[in-house]
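# Fold and geometry: a report
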Amino acid sequence: MTTSVKNEVNSVYGYVAAFLAGMIVGYRSIPELFGLIYVGLGVACIYLATRQDLTRLFKILPFLIYSEMFMRAYVSFIPYLFMPYLYIAIFGIMILSNGVKLKLHSNYVVFLLFFVFIEYINGFRSNDADYARGLLINTTALAVVALWGATTVITPLMANRILNTVKLAGIYLCGMVIIRYFKGEVYFSSYSQSEGVNGLAPVQLSGYMGFVVTVFFFTIMNGFEKKNLLLNLICISMATIIMLLSFSRGGIYFFGIMIILYSFFNRKQLHKYLFFILLIPTGLFVYNFVTAKTNGLIEERYKEEGNSGRTYLVEAAWDLFLSHPLAGVGPGNFNTEITKDKLYDQESGAHNEFARAAAEDGILGVITYWGFFLFLFLDIMKRKPIQREYAFYFAVFFCLVIVHNGLKISLQPLLILLAVATPTIRASKNLHVTFSKKPTLQS
């Protein structure tokens, strides 16, 4: 496979067009029409997969990813699991097209494949077939994407193109939310709710926007787009405001951890810290704006103690694992078992895939699912500095999301793809790829 892309920078016209498109969709006057367009773009992605046209495929896919919440909320004829099924179709086709040429550059992906096999075998014990199917399809999509990533090298220039499109898709999502504020007064409360984000799922939106803010942060800190510095500052401000207005604290926590990691990896490059000076007034503006817009409720939200019961759910998962150490309680049974065993006062999902794998699949789930991430991080640490740094960001961000909210959003397979498919290797005839030594995100 040969992929060639130009190292392009998003223009102001691109961001404006994406923002206006988001506002049109978010107005919700004809959601069914946009649902048809959404499905049509999904079919186009399948066609592009048959052609192995990665350039066009990754221009469309991020917009489908960032439209997912709207489609789930407002377009009833689109299945809730549309994106996981689409992932399986797209990347399954590209895997099969390689045929006997399929070779792995990252063997640890077999751990995830074994985990999927265990989940399907163990799934016969599930008490709720529909709920278990959702878990299995999401996990299968992740495994198929990871397998394709383990057979393909995404060039640094292609990775840069994907992240540029993610930024555009993030601004598109901002427009989808902001249109709500033109339609009437918005009433806030001191907990995560959909009122401030145009009826979209607040916890999921927080994760989506957290990644967009992170990518804009990397762009600003690396100084690659100096001519577009003001534009990027405006975009990161808008994306951060939308993230905060969800009142879900996950996104800002993820972003904070990314800042800490970036500071660690770049601790010897003091000149980059000058860009932090530019972000200080930006941060103050965002803080003052959100505080005023919510009448101070945002401050109350971040003063609240606890993590919405997630710690207790992890403890319940550990108790289930100790009670059923070999094969767990079965996929999809966590929510009923925790009330049956009086480990939690109401039915709830685990909200944490590491905990769920242990509770529902036992030691087999721990070895395979946890093992995949262990060897992924070990592999990442062996890479050259640039590939190591950014693959580490992608893998950590993925883990943060699944610890905070489980495996529920279609951004997560893309994160795993960027972590797995960006190894430091030389191009060879066996891999059927081209590889560039330029950094994933130019600095």
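The text that follows walks through the structure, step by step, so that each part is easy to find. (Residues numbered from 1 in each chain as written. Predicted model: local features only at pLDDT ≥ 70, side-chain atom pairs only at ≥ 80, totals over all residues. Heavy atoms only, no water.)

## Here's the deal with the overall build of the protein
The line we're drawing: The helix count covers DSSP runs of H or I at least four residues long, the strand count covers runs of E at least two residues long, and both are numbered beginning at the N terminus. In this description the radius of gyration comes from C-alpha coordinates, and the expected globular size is given by 2.2 Å times residues to the power 0.38. Each residue's exposure class comes from its accessible area (1.4 Å probe, protein chains only) as a fraction of the maximum for that residue type: buried when under 20%, exposed when over 50%, partly exposed otherwise. By definition, residues are in contact when any of their heavy atoms lie within 4.5 Å. Note on areas: Shrake-Rupley, 1.4 Å probe, and residue coverage restricted to the protein chains presented here. All tallies of charge rest on Lys and Arg as positive and Asp and Glu as negative; His and the ends of each chain are not included. Where a charge lies is defined by one atom per residue type: Lys uses NZ, Arg uses CZ, Asp uses CG and Glu uses CD.
From N to C terminus, the protein includes 17 helices and zero strands. For 443 residues, the compact-globule estimate of 2.2 N^0.38 gives 22 Å, and the protein sits close to it at 21 Å. Along the first, second and third principal axes, the C-alpha atoms of the protein reach 55 × 55 × 50 Å. The buried share of the protein, taken over its 443 residues, is 58%. Partitioning the contacts of the protein with sequence separation of at least 6, the portion at a separation of at least 24 is 81%. For the protein, the accessible area works out to roughly 19100 Å², and carbon and sulfur atoms hold 64% of it. Taken as two groups, the 36 positive and 25 negative side-chain charges of the protein have centres that lie 16 Å from each other.

## Description of the pattern of salt bridges
The criterion, for reference: Here, a salt bridge means any side-chain nitrogen of Lys or Arg that lies within 4 Å of a carboxyl oxygen of Asp or Glu.
Using the criterion set out here, one finds six salt bridges in the structure. Note that E119 and R356 form a salt bridge whose closest N and O atoms lie 2.9 Å from each other. Here E119 is found in helix 5 (residues 109-122), whereas its partner R356 is found in helix 15 (residues 353-381), with 237 residues between them in sequence. With relative accessibility at 0%, the residue E119 sits in the buried group. For R356, a relative accessible area of 3% corresponds to the buried category. Here R356 makes a salt bridge to E360, at a shortest N to O gap of 2.6 Å. Within this pair, R356 and its partner E360 are both found in helix 15, separated by four residues, close to a single helical turn. Here the two residues R356 and E360 agree in accessibility, since each one is buried.

## Description of unusual backbone geometry
Even without being glycine, N295 reaches a positive phi, approximately 55 degrees. Assignment of secondary structure puts N295 in the loop between helix 11 (274-293) and helix 12 (297-303). Exposure remark for N295: the relative accessible area of 71% places this residue in the exposed category.

## Some points on a nonpolar patch on the surface
Going by this rule: Patch building starts from residues that exceed 30% relative accessible area and form no salt bridge, then joins like charges within 9 Å and nonpolar side chains (Val, Leu, Ile, Met, Phe, Trp, Tyr) within 5 Å.
A grouping of I30, L33, L36, I37, L41 and F77 is seen on the molecular surface, where their side chains present a nonpolar patch of about 520 Å² in accessible area. Structurally, F77 can be placed in the loop between helix 3 (54-74) and helix 4 (82-98). According to the relative accessible area criterion, F77 is partly exposed, its value standing at 41%.

## Section: the packing of aromatic side chains
Each pair of aromatic rings is reported with the distance of its centres and the angle of its planes. The following threshold applies: Classification of ring pairs uses Phe, Tyr and Trp, with its six-membered ring standing for Trp, and accepts pairs whose centres are within 6.5 Å; under 30 degrees between planes counts as stacked, over 60 as edge-to-face, and the remaining range as tilted. In this scheme, Lys NZ or Arg CZ marks a charge over a ring once it lies within 6 Å of the ring centre and within 35 degrees of the ring normal.
For the structure shown, the criterion picks out 34 aromatic pairs. An aromatic cluster is present here, built from F217, F218, F255, Y262, F264, F265, F377, Y390, F392 and Y393 joined pairwise through their rings. Here R72 stacks its cationic end above the ring of Y80, 3.8 Å away from the centre of that ring. For the cation-ring pair, R267 lies above F264, with the distance from its terminal atom to the ring centre recorded as 4.2 Å.

## Remarks on the environment of P413
In this structure, P413 sits in helix 17 (residues 411-420). Those residues in contact with P413 that lie beyond four places of it in its chain are Y87, L142 and V145.

## Section: the side chain of T219
For the record, the criterion: Two N or O atoms count as a polar contact when they lie within 3.5 Å, although within protein this holds only if one can serve as hydrogen donor and the other as acceptor, and sequence-adjacent residues are included solely when both atoms are side-chain atoms.
Relative to the elements of secondary structure, T219 occurs in helix 8 (residues 202-222). Looking at T219, its side chain comes within polar contact range of the main-chain oxygen of V215, at 3.0 Å. When sequence neighbours within four positions are dropped, the list of residues in contact with T219 reads K167, F224, E225 and N232.

## Details of the packing of helix 13 (residues 310-323) against helix 15
Between two packed helices, both the angle of their axes relative to each other and the distance between the axes serve to describe the pair. Using the following cut-off: In this analysis, axes come from line fits to C-alpha atoms, helices being fitted only over the stretch in contact, and the angle between any two N-to-C directions falls in the range 0 to 180 degrees. Note on angle classes: values under 35 degrees are labelled roughly parallel, values over 145 roughly antiparallel, values of 65 to 115 roughly perpendicular, and the remainder oblique. The sense of a crossing depends on the near helix, which, turned anticlockwise from the far helix by less than a right angle, makes the crossing left-handed and, turned clockwise, makes it right-handed. In this count, Pro and Cys sit with the nonpolar residues alongside Ala, Val, Leu, Ile, Met, Phe, Trp and Tyr, while Asp, Glu, Lys and Arg are called charged and the others, Gly among them, polar.
Two numbers describe how helix 13 lies on helix 15: the axes approach to 7 Å, and their chain directions differ by 30 degrees. What the angle tells us is that helix 13 and helix 15 run roughly parallel. Of the two possible hands of crossing, helix 13 and helix 15 adopt the one that is right-handed. Residue-level inspection shows A317, L320 and F321 of helix 13 in contact with helix 15, the latter providing A355, A358, A359, G362, I363 and V366. Its residues assigned to classes, the contact of helix 13 with helix 15 shows eight nonpolar, one polar and no charged.

## Structural notes on helix 1 (residues 12-26)
To keep it simple, the criterion reads: For a helix, the expected span equals 1.5 Å multiplied by the number of residues minus one. To obtain the arc, one takes the directions from the helix axis to the C-beta atoms.
For helix 1, with 15 residues, the first-to-last C-alpha span of 21 Å sits near the 21 Å given by 1.5 Å per residue. Along helix 1, the residues classified as buried are Y15, A18, F19, G22, M23, V25 and G26. The arc that holds the buried residues of helix 1, viewed along the axis, is 165 degrees, so those residues lie on one side. Among the exposed residues of helix 1, those oriented more than 90 degrees off its buried face are Y13 and I24. Elements that come into contact with the buried residues of helix 1 comprise helix 2 (31-50), helix 3, helix 7 (156-178), helix 8 and helix 9 (229-245).

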